[in-house]
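Working through the structure, step by step
Residues per chain, in single letters:
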Amino acid sequence: MASVAASDLLRTDHRQIEMALDRLLATVKHPGEGIVLQVRDIFAEIQRLMGPHVRKEENVFYPYFQAAFSELLAEMDEQHEYIAEVTAGMGELTGMAGKGLTERQVLELIRLSMELFDAIQHHIVDEEDQLLRLADQHLSVVEQDCLATKMQRLEVGSRPIGTAGLGDCAKGGATC
Ligand SMILES: [Fe+2]
Ligand SMILES: [Fe+2]
């Protein structure tokens, strides 16, 4: 059994992601020598945090609410897609960081960093104000625990990604 509610697990991830995002914003707001490598390293940290977090949401948490809150989930999915687009652009530029970037590419990297900050921060606020609030209102302690356990298993990679497995709770066709 998980010792923390599923929605709180996601909130804890959000706080860690926000710390890395704050570092990214502070770095590009005061660009100095070595900015490209600094941004590359902070971006790598953001990816390290966002990868498992998005997998938890898209493979466990979101499917559980799909039937009940389909419009909200479509909005959350769209925001994830936008974040993925900006992330891809950042990945392309930071991948060239070792070889050195042109002045124009550095400016683009700064622009994309700010865009990534805004996109993720905006998504976190929407997710917490809407989806996680609804989750807290509608999920029982057993459901919160069940979803948390499934997300934790996903995190350590001890179970294949999927929405079936434990079978303890089911809602709208999605099982936990
Ligand atoms: Fe999300
Ligand atoms: Fe999230």
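Keep in mind it's a predicted model, so treat the numbers as computed, not measured. (Residues numbered from 1 in each chain as written. Chains lettered and ligands numbered in written order. Predicted model: local features only at pLDDT ≥ 70, side-chain atom pairs only at ≥ 80, totals over all residues. Heavy atoms only, no water.)

What to know about the coordination of the iron ion (ligand 2)
Distances from the iron ion (ligand 2) to its protein donors, His-14 (NE2), His-53 (NE2), Glu-57 (OE) and Glu-127 (OE), fall within 1.9 to 2.1 Å. Classification of the site at the iron ion (ligand 2) rests on its four donor atoms, whose angles at the metal span 82 to 168 degrees, yielding the label irregular. For the iron ion (ligand 2), the single-chain donor residues occur in sequence as H-x38-H-x3-E-x69-E. The distance between the iron ion (ligand 2) and the iron ion (ligand 1) is 3.2 Å, with Glu-57 acting as a donor to both metals. (Donors = N, O, S within 2.8 Å, 3.2 Å for Na, K, Ca; no water. Tetrahedral: all angles 85-135°; square planar, octahedral: opposite > 155°, others 65-115°.)

Topic: the pattern of salt bridges
One pass over the full model with this rule turns up nine salt bridges. One salt bridge connects Arg-15 with Glu-128, and the closest N-O pair in it is separated by 3.0 Å. Of this pair, Arg-15 sits in helix α1 (residues 6-29) while Glu-128 sits in helix α4 (residues 103-138), and the two are 113 residues apart along the sequence. Residue classification places Glu-128 among the buried positions, given a relative accessible area of 17%. With a closest N to O distance of 3.2 Å, Arg-48 and Glu-45 form a salt bridge. Here the residue Arg-48 and the residue Glu-45 both occupy positions in helix α2 (residues 35-65), the gap between them amounting to three residues, near one helical turn. Sharing partners across several salt bridges, the network here consists of Asp-8, Arg-11 and Asp-136. (Salt bridge = Lys/Arg side-chain N within 4 Å of Asp/Glu carboxyl O. Helix = DSSP H or I, 4+ residues; strand = E, 2+ residues; numbered from the N terminus. Buried < 20%, exposed > 50% of the residue type's maximum accessible area, 1.4 Å probe, protein only.)

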